[in-house]
Amino acid sequence: MAALPHAGVSVPPPAAGLRCDFRNLPLKQRLRCSRPHSPAGVQERGSTVSELVAAEDVLLFVNAAVTATGQREFRSSAEEQRFSLGFLHEYVRVNYRPVYAAALALDVNHHNAALIVEGLLRTAGEAGGAEEKRAEGRLIAARLAMLPPQRVYRLFRALRAAGVNNRRTRAIVRGWLAARPDPALDAVKYRTGVKAAVRHVHGRPADPETGDFLFAPGRRVRYGNALLDAYRRAHYEQSAVYELPFTVAEGFAAKHGVPRAVFLERIAPRMTRLERLRTERASGAGADLAVMPLTRLALYVLALPFGERVGRRAELTGALRASARRAAGPYAGSWGRVTAVLDDSFSSSGSAVKRRRPLAVALGCHFLLEALAAPGAYTALWTSGGDDPLMVRPYGPTPLGTRILDALETEPERLVIVSDGWDNAPPGLAGEVLRVWRSRLDPGRGTSVVHLNPVYDADGFDVRRLAASVPTAGMRDAEDLAALVEIAQFAEGRTGFTELRAYLDRRVEHFLTEAGA
């Protein structure tokens, strides 16, 4: 494919913008306000304001795409989340399509990456031309290679159900299937998804044996491929169960009545790192926690009873610090004096489907900021007043204003606030403290302040903010903190779309280079 043009994320003049008075309007007026002929009149006020509106719209979408997963949150239902997120996707795709595609190069979560790919392929006719289509194709192919296979197969099923079967879609699906490292493993583990994808693009299976396994399982008495034959034998032979992937073997073990403890012990060599972590306590096998991603490790720690956390304090703390140092990479120790305000209020408990997720992000950020700060120059302030990160629990109100005052007294070079933004003890104090600090006490910006929010606010079409003078970025995983602090600089309202476009160009170029696309 042709190289991505440098101006690959340039856009036509923006529509009215999602800021203005958009959020306070009834739904029908919101939809009208998002149209290019909206009477908001931002373009009449000059190109500078127009560019700022465009930058704000794009950043609003990036915040949502990093944070929201369409699942229930503490203060909003799954339906509200999906409706809000769907509106944002359509708005940005229609008004800023090149930027919408470029978002695939950012740290957006898997849910939104799949939605972006689906949106681009569903509306291929809206692309500006052959060059733009080639740029989109490279980004889509590179991002699909990063997504978990089960999510990609789910995406392909959605495209099939929607009747999306244009030439570009078929080429992308065939290319992804051809690049799979082990077609037999996919055929065993994702059998329904593979069959649907191959049928949808009128493709051919990777080899005759895999084709027979998928579409004519009774044709062969045995298979030359060991994995395919193990699946055949596992229907009547218990020993073959332990030659299969863990998720497939679970079903056969239950069918044969194998005790769970026996099964977990014998299948352990076939388990992935994450599968070992999930079953560690049941199987008695010790997982190497230090190699786990930081946020996932924090979720694991928070799921342990307090007594077990105390008994394993050295092990758990060491694992969290090792994971944080790995996430910090070359930036370790380079951030100078850092103070963090970390939200462990009751709302950090999340929801039934995202249990303790906001608190886990805050815990991961605590250890990552400790690694990024200069040695001995890190201060952590939890909203509960606690000082033992390993024993945090979601409890009490959210006195962000008071804790921010305490944080500013430490005179940090960087102040990082990790919270859902629901300052309620008393309400609004945090925003007022930050406003006065920025306008009266630190107009020269000697202290860098950034707010990282792990919760998407469906009603506001954004993550909740504390103050207009403080940049806010949405986050899902603590290990993305450094990159999110970088992009948050564009959210201060002083940077135009030109600078943001240049930043996206750099991210796209780096992303495609890393992916080899």
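Residues numbered from 1 in each chain as written. Predicted model: local features only at pLDDT ≥ 70, side-chain atom pairs only at ≥ 80, totals over all residues. Heavy atoms only, no water.

Asks: I'd like to hear about the overall build of the protein chain, residue by residue, with values.
Replies: Helix and strand counts for the protein chain stand at 24 helices and 7 strands. The buried share of the protein chain, reckoned over its 517 residues, is 52%. Expressed as a percentage of contacts within the protein chain between residues at least 6 apart in sequence, the contacts between residues at least 24 apart total 68%. A total of about 23,100 Å² of accessible surface is found on the protein chain, and carbon and sulfur atoms cover 52% of it. (Helix = DSSP H or I, 4+ residues; strand = E, 2+ residues; numbered from the N terminus. Buried < 20%, exposed > 50% of the residue type's maximum accessible area, 1.4 Å probe, protein only. Contact = heavy atoms within 4.5 Å. Areas by Shrake-Rupley, 256 points an atom, 1.4 Å probe, with all protein chains shown as cover.)

Asks: Residue-level account of the packing of aromatic side chains, with values.
Replies: Per the stated rule, a full pass over the model turns up 13 aromatic pairs. Arranged with centres 5.2 Å apart and planes meeting at 80 degrees, the rings of Phe213 and Tyr231 form a pair that is edge-to-face. Note that Phe213 is positioned in helix 11 (residues 208-215) and Tyr231 in helix 12 (residues 226-233), a separation of 18 residues in sequence. Using a relative accessible area of 2% as the deciding quantity, one classes Phe213 as buried. According to the relative accessible area criterion, Tyr231 is buried, its value standing at 17%. The structure contains a cluster of three or more aromatic residues connected by ring pairs, namely Tyr153, Phe156, Trp176 and Tyr190. Stacked on the ring of Phe213, the Lys or Arg Arg191 has its end atom at 4.4 Å from the ring centre. Over the ring of Trp422 we find Arg464, and its NZ or CZ is 3.7 Å from the ring centre. (Phe/Tyr/Trp six-rings, centres within 6.5 Å; stacked < 30°, edge-to-face > 60°. Lys NZ or Arg CZ within 6 Å of the ring centre and 35° of its normal.)

Asks: Any chance you could break down unusual backbone geometry for me, citing the residues and the numbers?
Replies: In this chain, Ala425 is followed by Pro426 through a cis amide linkage whose omega measures -5 degrees. As for its placement among the helices and strands, Pro426 is situated in the loop between strand 3 (414-418) and helix 22 (429-441). Residues other than glycine seldom take positive phi values, yet His202 does so here, at roughly 55 degrees. On the secondary structure map, His202 appears in the loop between helix 10 (191-200) and helix 11.

Asks: Describe the pairing of strand 3, and please don't skip the residues or the numbers.
Replies: Where burial is concerned, most of strand 3 is hidden: 4 out of the 5 residues are buried. As paired elements, strand 1 (residues 338-342) and strand 3 share 5 bridges and run parallel to each other. Among the inter-strand pairings, Val338 is bridged to a residue of strand 3, identified as Arg414. For the crossover from strand 3 across helix 22 to strand 4 (residues 448-453), the handedness is right-handed. (Pairing = 2+ DSSP bridges. Right-handed = clockwise from strand over helix to strand, strands pointing away.)

Asks: Any chance you could break down empty space enclosed by the protein for me, citing the residues and the numbers?
Replies: Under the counting rule described, the total for this entry stands at 3 cavities of 30 Å³ or more. Reported here for the largest cavity is a volume of approximately 60 Å³. Taken together, Val62, Val66, Leu106, Asp107, Ala483, Leu484, Ile487, Tyr503 and Arg507 make up the lining of the largest cavity. Going through the elements one at a time, helix 2 (47-67), helix 23 (481-488) and helix 24 (497-515) are the ones with two or more residues in the lining of the largest cavity. Of all the elements, helix 23 adds the most residues to the lining of the largest cavity, at 3 residues. (1 Å grid on protein atoms, 1.4 Å probe; cavity = no way out; pocket = protein on both sides within 12 Å on 5 of 7 lines; lining within 4 Å. Points joined across faces, edges and corners; volume = space filled by probe spheres on them.)

Asks: An account of the packing of helix 6 (residues 130-144) against helix 24 is needed here, citing residue identities and associated values.
Replies: Two elements in contact, helix 6 and helix 24, have axes separated by 10 Å at closest approach and are oriented at 55 degrees. Comparing their axes, helix 24 and helix 6 come out oblique. Viewed along their axes, helix 6 and helix 24 form a crossing whose handedness is left-handed. When helix 6 is examined against helix 24, the residues Arg138, Leu139, Ala142 and Arg143 are found in contact with a partner set consisting of Val508, Phe511, Leu512 and Ala515. Its residues assigned to classes, the contact of helix 6 with helix 24 shows 6 nonpolar, no polar and 2 charged. (Axes fitted to C-alpha atoms, helices over the stretch in contact; angles between N-to-C directions. Parallel < 35°, antiparallel > 145°, perpendicular 65-115°, else oblique. Left-handed = near helix turned anticlockwise from the far one by under 90°. Nonpolar A, V, L, I, M, F, W, Y, C, P; charged D, E, K, R; others polar.)

Asks: Which residues make up the pattern of salt bridges, and what are the values?
Replies: Per the counting criterion, the structure on display carries 30 salt bridges. The salt bridge involving Arg97 is made with Glu126; its shortest N-O contact spans 3.8 Å. Placement of the pair is Arg97 in helix 4 (residues 97-102) and Glu126 in the loop between helix 5 (110-122) and helix 6, with a sequence separation of 29 residues. With a relative accessible area of 5%, Arg97 lands in the buried category. Overall, the relative accessible area of 43% leaves Glu126 in the partly exposed class. Here the salt bridges share partners, and the residues they tie into one network are Arg93, Arg97, Glu126, Glu132, Glu136 and Arg168. (Salt bridge = Lys/Arg side-chain N within 4 Å of Asp/Glu carboxyl O.)

Asks: Any chance you could break down the layout of surface pockets for me, citing the residues and the numbers?
Replies: If you roll a probe as big as a water molecule over the atoms, it shows you where there is empty space left. Its volume calculated, the largest pocket comes out at about 1,900 Å³. Residue assignment for the lining of the largest pocket shows that the elements contributing at least two residues are helix 5, helix 7 (149-161), helix 9 (183-189), helix 14 (246-256), helix 16 (273-283), helix 17 (294-303) and helix 24. For the lining of the largest pocket, the per-class residue count stands at 21 nonpolar, 10 polar and 19 charged. Empty space within the second largest pocket amounts to approximately 700 Å³.

Asks: So what about the confidence of the model for the protein chain? Which residues, and what values?
Replies: Per-residue confidence for the protein chain gives a mean pLDDT of 86, with 87% of residues at or over 70. Overall, residues 1-16 carries pLDDT values under 50, and its contacts beyond four positions in sequence, including any with other chains, amount to 52 contacts. In the predicted structure, residues 19-47 sits below a pLDDT of 50 and forms 42 contacts with residues beyond four places in sequence or in another chain. (pLDDT = per-residue confidence, 0-100.)

Asks: Any chance you could break down helix 21 (residues 400-408) for me, citing the residues and the numbers?
Replies: Burial in helix 21 covers these residues: Leu400, Gly401, Arg403, Ile404, Ala407 and Leu408. All buried residues of helix 21 project into a common sector of 165 degrees when viewed along the axis, lining one side. At its buried positions, helix 21 is contacted by strand 1, strand 2 (378-382), strand 3 and helix 22. (Arc of directions from axis to C-beta.)

Asks: Before we move on, can you summarise the pairing of strand 4 with the specific residues and values?
Replies: Among the 6 residues of strand 4, 5 are classified as buried, and the element is accordingly described as predominantly covered. When strand 3 meets strand 4, the two strands line up parallel, connected through 5 bridges. What sits directly across from Ile417, in strand 4, is His451.

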